[in-house]
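An overview of the molecular structure
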Amino acid sequence: MKIDGEVTTGLGKAAYFLSQEFYTNEFKKNLGFVPFPGTLNVVVSDDYLDRINEIKNTCENLIKPDEGFGAVKYIEAKLNGVIEGAIVFPAKTTHEENYLEFIAECKLREELNLKDGDVVSLEF
């Protein structure tokens, strides 16, 4: 599936969670990379919500953290056809359903010179 969405600024909370050793170790083991401490937030059209929710609800890739942290489901994905990474679905989130959070090894805004409002594509 390939969908387009608009880059937007997040809440800044992902940096803390993606810096936790438990998460970094699990992503390294399961995805082959330690993610940059932060996510690229992409707002997608509500037209995709049924399919995204189906993927999220049936996803078996799960990181169960230490006590006090929320579980995270994830699916491997590619950003703009070139950046390998994953879309993460944190169990504890304040984002709307149409926000997708993409992780990768690099700082994506710098790597791709992205700013709020830019349109990107996600393939998964």
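Remember, predicted model here, so these are calculated numbers, not experimental data.

Conventions adopted
- Residues numbered from 1 in each chain as written.
- Predicted model: local features only at pLDDT ≥ 70, side-chain atom pairs only at ≥ 80, totals over all residues.
- Heavy atoms only, no water.
- Salt bridge = Lys/Arg side-chain N within 4 Å of Asp/Glu carboxyl O.
- Helix = DSSP H or I, 4+ residues; strand = E, 2+ residues; numbered from the N terminus.
- Buried < 20%, exposed > 50% of the residue type's maximum accessible area, 1.4 Å probe, protein only.
- Arc of directions from axis to C-beta.
- Contact = heavy atoms within 4.5 Å.
- Patch = residues over 30% accessible without salt bridge, like charges linked within 9 Å, V, L, I, M, F, W, Y side chains within 5 Å.
- Areas by Shrake-Rupley, 256 points an atom, 1.4 Å probe, with all protein chains shown as cover.
- Lys, Arg positive; Asp, Glu negative; His and termini not counted.
- Charge placed at Lys NZ, Arg CZ, Asp CG, Glu CD.
- Pairing = 2+ DSSP bridges.

Things to note about the pattern of salt bridges
Applying the stated criterion across every chain yields a total of six salt bridges. Here glutamate 26 and lysine 29 are joined by a salt bridge, their closest N and O atoms 3.6 Å apart. Taken as a pair, glutamate 26 and lysine 29 lie in helix α2 (residues 21–31) at a separation of three residues, close to a single helical turn. The exposure class of lysine 29 is exposed, given its relative accessible area of 61%. Residue lysine 78 is joined to glutamate 84 by a salt bridge in which the shortest nitrogen-to-oxygen separation is 3.2 Å. The exposure class of lysine 78 is partly exposed, given its relative accessible area of 26%.

Regarding helix α3 (residues 49–58)
The set of residues buried in α3 consists of Leu49, Ile52, Asn53 and Ile55. One side of α3 carries all its buried residues, which in axial view fall inside an arc of 160°. Opposite the buried face of α3, by more than 90 degrees, sit the exposed residues Asp50, Asn57 and Thr58. Close packing links the buried residues of α3 with β1 (2–8), β2 (40–44), β4 (72–79), β5 (83–90) and β6 (99–103).

Here's the deal with a negative patch on the surface
On the surface, Asp46, Asp47, Glu96 and Glu97 cluster together to form a negatively charged patch. Inspection of the secondary structure puts aspartate 47 in the loop between β2 and α3. On the basis of relative accessible area, aspartate 47 is assigned to the exposed category, the value being 71%.

Description of α2
When we look at burial in α2, the residues that qualify are Tyr23, Thr24, Glu26, Phe27 and Leu31. Projected onto a plane normal to the axis of α2, the buried residues spread over an arc of 165° and lie on a single side. Turned more than 90 degrees off the buried face of α2, the exposed positions are Glu21 and Lys29. Those residues of α2 that are buried are in contact with α1 (14–18), β3 (62–63), β4, β5 and β6.

Quick look at the pairing of β5
Along β5, six of the eight residues are buried, which leaves the element largely enclosed by surrounding structure. Where β4 lies against β5, eight bridges are found, and the strand directions are antiparallel. Residue pairing for β5: leucine 79 is matched across the bridge by isoleucine 83. Here β5 runs beside β6; their pairing, made up of three bridges, is antiparallel. Bridging from a neighbouring strand, alanine 86 pairs with isoleucine 103 of β6.

Considerations on the side chain of asparagine 41
Looking at where asparagine 41 falls in the secondary structure, it is placed in strand β2. With near-sequence residues (within four places) excluded, asparagine 41 lies in contact with Glu6, Val7, Thr8, Thr9, Gly10, His95, Tyr99, Leu100 and Glu101.

Description of unusual backbone geometry
Residues other than glycine seldom take positive phi values, yet asparagine 80 does so here, at roughly 50°. Among the structural elements, asparagine 80 can be located in the loop between β4 and β5. Notably, asparagine 113 is not glycine yet its phi reads approximately 55°, a positive angle. Examined against the element boundaries, asparagine 113 turns out to sit in the loop between α4 (108–111) and β7 (119–123).

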